[in-house]
Structures are given as C-alpha cells and as structure tokens.
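This is what each chain is made of:
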Amino acid sequence: MYIIIKNSSDDPIYLQITKQIKKLIMQGELSSGEALPSIRGLAKELQISVITTKRAYEELEKEGFIETIAGKGSFVAMQNNELLREKKRKVIEEKLEEVVAESKLLKIELNELQEMLKLIYEEGYNE
Amino acid sequence: MSKILEISNLRKEYNKFLLKDISFSLERGYIMGFIGPNGAGKSTTIKLIMNLINKDSGKIKIFDMDNEKYDTDIKQKIGFVYDENYFYVDLSIKTLHRIIAPVYKKWDSKKFNNYLSDFDLDPNKKIKQLSKGMKMKFSLAVALSHDAELIIMDEPTSGLDPVFRSEILEILSDIIQDERKSVLFSTHITSDLERIADYITFINDGEIVLSCPKYDILENYKIVKGKKSLLDNNIKRIAENYRENSFNFEALVSNINKIDKAVRDELTIEKPTLDDIMIFTARGEKSA
Amino acid sequence: MLSLCIRDMLLIKNHWKLILGYPIFALLVFSKLNASPYVIGAFMIVYLMNQYYFYYDEKNKSEKIFVSFPFRRKTIVQSRYLSLIISCLVAFILMAIAGLIAINFDVFQLQRWVKAIDMVQLLLMTAIFGGLSLPLYLRFGYSKMRAINIIIFFIIFFIPSIINGLINEVSHPIIETLKNILIKVSSYNGMFMSVLFSICILLVSMLIASSFYERREF
C-alpha cells in the first residue's frame, strides 16, 4: 500500500492518509475484504504517531470505507457497488463543475467543450 | 486500559530549584516525549519517578502501584537509559552481563546477545573502549532485555549524531508495536520527537506547560506573525505567548478562530514546530 | 544480593596480582612487630579491598545504576557488609597460605602458623573498622570519607601492637586487668563471645547505615 506523507501539505497528516487510502479503494487498488496494515504497523512504516494512524482509520471507518474487527485488524469494507460508483461519480462531478465554471468564464460553448473532451479522452486511449 | 504512569501534584524543592505541582500521565502503548529547555526539571522529574531522589509531596503511580511502596516490583518492569554511562568502565560487556543478569527475574540472555549483535557490540570490549553512542546502545540493550513494560530515557540522545538518533528512534517505535509497552523519553532535541512521539509533555521552569497528544499541538497551535500595529489586547489575551520587536510581533495561538477574520487576513499563519513551542514558552511574554 | 558481592569480586579481579603480593609484603614487614603478622597483614588486605569497592563506585558513579535496579536500598547496604566479611575470609586464607609457604621454605623468621585466635582478632578489627567506616561511606561517599577512614584504619591497625607492647613492657594495675581480660578472651568461650560481639557491632552499624542509605539522594 503506497502512502506518502508530505510535511509541507496544509492537510493534517491523518487527513492525508485518509484521502490516499480512500483513493486507493476507489481506484480498486485495494479490493474489498483486503487487509490493511495494523495502525501500529502503519505508524512505524510512515514514522508517525500511532494516534494519527488510529484517527485516520477511525475516519475511514466512519465514512464506511473500512471495517475494524477487534483482535483481527482492519479490512476494506465490502463496497456496495452502487455506493462506490456514486462516490466515483461525485469525484468527477466536482472536477467537471470546476471545468464548466471556467469554460463559462472564458465563453467556451458546450459543443466546443464536448469536442475537447472527446479529443483528450481519445488521446489518452491511443497512447 | 489503565495508565502505566500517573503523576499527581508532584513537588520537590532542590537547592535553588523548585518543581511544583507536576501532574501528567501516560497510557500503555504510547511514546511520550518529555521536553523542555535545560534546567526545566526533566531530569529531576525522572529521578523522582525512579526513586533516586525523595519527593516533598505528591504521588507517583507506575503500573498502578505507588512508586515508593512497590519500588522493587516496579523496577523489575522498568528499563532505563540515562544521559551518561554509569556502568563500570573497566569491565567488559560480558562481565557486566554476568553482574546484571541475576538482577532481573525476566532476564533474557538470548535477547540481550541478539541486541549486542544487532548493535554491533563486541561482548569482550570494555566499556571504556566504546564510543558514546555505543555506550548508549549498550544501556538500551540492557533496558530491553528483561521484558520491561515501561522504558524511561533521560536525554539519551544528546551528543549523538542524527544518524544514530534516528536508529534509536526506530528501535523505540519497534518497542511500541507491543501495545502493553510505553516509552517516556526526555530530551531537549525536539526534532527527535516531531514524528514518532504520540504525546508531548512540556515542562518549563519546574512547571508543566502542557501535556497532550502531539497532533493536538501541531495542528491546533499556530504561529501568527504580523505588523506590530496589529498586536491588540485581544491577541495578547488569547495567545499562549507572544514576542514583539520594533516592527512586528509573533504569537503562539492555540485557537486561531478567536482572532477576528479581518485581523486574521492580515496575518501570516504558520504551523509551529515543537522547537517553536519550546522557544515561545520559554522566552515569550507570559500572557495574562 | 549475592550478585552484588560477585560484582565486588569481579571489580578487583584486575588487582589480584597486587592483592596476592600484599601477604608476602605483610609477612616480611610485620613479623618484626609486636603483633601477629597474619592478623595485621590480613586487616590491611581487608582495608584495601574495601577501599577499591567504594573507589570504583565513586569513579563510575555507578550507585545511580544500582539504585535504579530492582534492589532494595537495604539490600545494597547488606551486600557491602557481606563483601566486608567475605574479604575478611579471603584475606585470612591468603595470609595462611603465604604463611604456610614461608614456614616451609623457612623465610621471614616466622614464629608460628595461624591460630584460631588470629581469625577472631581479625574479625574484631574488621568489625570495628567496618562498623565505623561503612556508615560514613554510605552516607557521604568515598572521596569525602577517605581521609577519615585512613585515620580509623591506622588506629585499628596499630592497636594490637600497642596492646601487646603495653602488656609486655609496662607494669600497672590497669594493664594487669587488661592482661587478665585478654587471657579470658583467649579461651574458647572468650573467642566465641568475641565473634558474637563483632557480629553485633556489624549488625548495629548496618542498621544505622541502612537508615542513612534509604533517604540518600542520587
């Protein structure tokens, strides 16, 4: 599991961990039921306080991304596929809202926007 | 889980130094950094915990037992590392092993020898032939070889280079993998604790300034800087401490939201390091 | 507690050669004096061994470690007294062996080998010395007490010779009484009482030293 802590980031460390794990789950890098490192093990790996990893895991559990079983550890929660798709859509929606707002400011029409989208998407596809 | 160390209203008068009303506690499974400037009272507090000196009043409970009444039972489970080597320098590590092993009921010779080889310590070498860092590692090997539940370290890394210090810190975070164990680590080198400490207890001038989870400090406290004209009574009141010169001021604030937004927008806001906190508390103006 | 005594032995291991040399030196020098060379030679060895124990503790400041170990302060004090007794026995054996060799090879013009009364005398001298100096050491540390302890040592060291000298050369009612007491002490009963008395001195001293050490700060 690939997690990096940036000291320069504005986000508190526990939030950085939470965001990164969320991303890994949504991207499918971490699959349902997969075991996560123990909070102490992760703290040691990242060389941070165990309180921080504990808080990160608690946040993830609150949002339904992971489950902690006493004595066994933490696992990626069985993701409700509908819910997961919802979450993924939301991420893209937020980004698109930004793009749309910017386009309107620059007076770029919808069909021009759609063409640009198609070009960029297919460009990535052909590589 | 019950606390592994509980100190309440500890008081000690010592030559010209006074330790007053010291209270803090540590739970199992965590590392606590005990920081403060030189002369703040760290070593005195640790000596009181280890019963090397007598307290004037107050209570110290370790493993839920009074530290004076159950002194030897408690010490079976404490591993200690002091700032200097106090083992006989003319004796070899092997000889010292012979002297120390029967002292602890749970002494594990195999574990001790493993540590010696991990730390690259030759058992035939005399203590006086070891460098400062290796002497410290030897002390640590002794402290870790009898299943101690509380590891107490009094400025163990002063005088050691950063490479060494980071090795020691790794060893400490290894110890904490066992949730029953705790580490109390006093130092004035705050960078050692920036990452691995779970709790920070800050002592200055014989008093506890704060004792809380490290992230509370680093995420809630902020350093605000700005023109001197912006330093009003409100900031002076809510700041933990502040400093000013002819042009501008700096203040350590625990809750940034208490400053008006209008004022806040004109200020530079930074995350403090533990060093900042120590410097501000030791040298700033005490707020009302 | 035994571990602490072993520590003391291990500490002076490096000085063994020197310690072995003293009996020979003692027999050579003290056989001319008015007291049993075995006794005062052994007493000198006891003194030296004891000095070394405290010297090493002070040099290394290692008391800090031992008080941090799971030892009762009382136990640490007891081990000092036990080490003293052990050094007493060791010193006596060394003198006895040296004496045996010397007599065999007919050197040093020794008049006799060791007798039981020698051990008793040694024990008494050791008890008085230890009884006085150990509490002082434990309370104030080695360097402060060194001067005083040398004085105590010399006083006790010369007492046998002085007493023997007085008995042989001076005639005085008090000396006569002293002579009678000493004859009584030479009997088996007397020796037994002496040993008991020595042990009592040490026990009382140990109690005092313990109470000092309980509250001592490091």
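Residues numbered from 1 in each chain as written. Chains lettered and ligands numbered in written order. Predicted model: local features only at pLDDT ≥ 70, side-chain atom pairs only at ≥ 80, totals over all residues.

Some thoughts on the overall build of chain B
Threshold: In this description a helix means any DSSP run of H or I spanning at least four residues, a strand means any run of E spanning at least two, and both kinds are numbered starting from the N terminus. With C-beta atoms placed from the backbone, a residue is buried if 20 or more other C-beta atoms are within 10 Å of its own, exposed if 12 or fewer are, and partly exposed between those counts. Residues are defined as contacting one another if the C-beta atoms placed from their backbone atoms lie within 7 Å.
Scanning chain B from N- to C-terminus turns up 11 helices and 15 strands. Projected onto the principal axes, the alpha-carbon positions of chain B cover approximately 70 × 40 × 40 Å. When burial is assessed residue by residue, chain B has 40% of its 288 residues classed as buried. Here the analysis covers contacts within chain B between residues at least 6 apart in sequence; of these, 71% occur between residues at least 24 apart.

Describing the interface of chain A and chain B
It is common to give the size of an interface as the accessible area lost on bringing the parts into contact. On the side of chain B, 13 residues touch chain A, which itself brings nine residues to the contact. Taken together, the elements giving at least two residues each to the side of chain A that touches chain B come down to helix H2 (39-46) and helix H3 (50-62) of chain A. Tallying contributions element by element places H3 of chain A first for the side of chain A that touches chain B, with three residues.

Quick look at the domain arrangement of chain B
All names here are of chain B. The condition that has to hold: Domain ranges listed in this record stem from an automatic or a database domain assignment. Throughout this entry, Asp, Glu, Lys and Arg are counted as charged residues, while Ala, Val, Leu, Ile, Met, Phe, Trp, Tyr, Cys and Pro are counted as nonpolar. The remaining residues, Gly among them, count as polar.
Under the domain assignment used here, chain B contains domain 1 (3-213) and domain 2 (221-286). Its C-alpha centre places domain 1 at a distance of 35 Å from the equivalent point of domain 2. Each side of the interface is counted separately: domain 1 has 10 residues, and domain 2 has seven residues. Elements supplying a minimum of two residues to the side of domain 1 that touches domain 2: helix H7 (191-196) and strand E9 (199-204). Of the residues forming the side of domain 1 that touches domain 2, the biggest block, three residues, is contributed by E9. Tallied by class, residues from the side of domain 1 that touches domain 2 come to six nonpolar, three polar and one charged.

Considering the interface of chain C and chain B
Of the residues lining the interface, 21 residues belong to chain C; the matching set on chain B comes to 19 residues. Secondary-structure elements contributing two or more residues to the side of chain C that touches chain B are helix H1 (2-11), helix H3 (37-60) and helix H4 (63-68) of chain C. In terms of residue count, the dominant contributor to the side of chain C that touches chain B is H1 of chain C (five residues). Along the lines of polarity and charge, the residues of the side of chain C that touches chain B split into 10 nonpolar, five polar and six charged.

Describing helix H2 (residues 16-30) of chain C
All names here are of chain C. The condition that has to hold: The span expected for a helix works out to 1.5 Å for each residue beyond the first.
The terminal C-alpha atoms of H2, which comprises 15 residues, lie 21 Å apart, in line with the 21 Å expected from a rise of 1.5 Å per residue. Burial in H2 covers these residues: Pro23, Ala26, Leu27 and Phe30. Considering only its buried residues, H2 is in contact with H3 and helix H5 (73-104).

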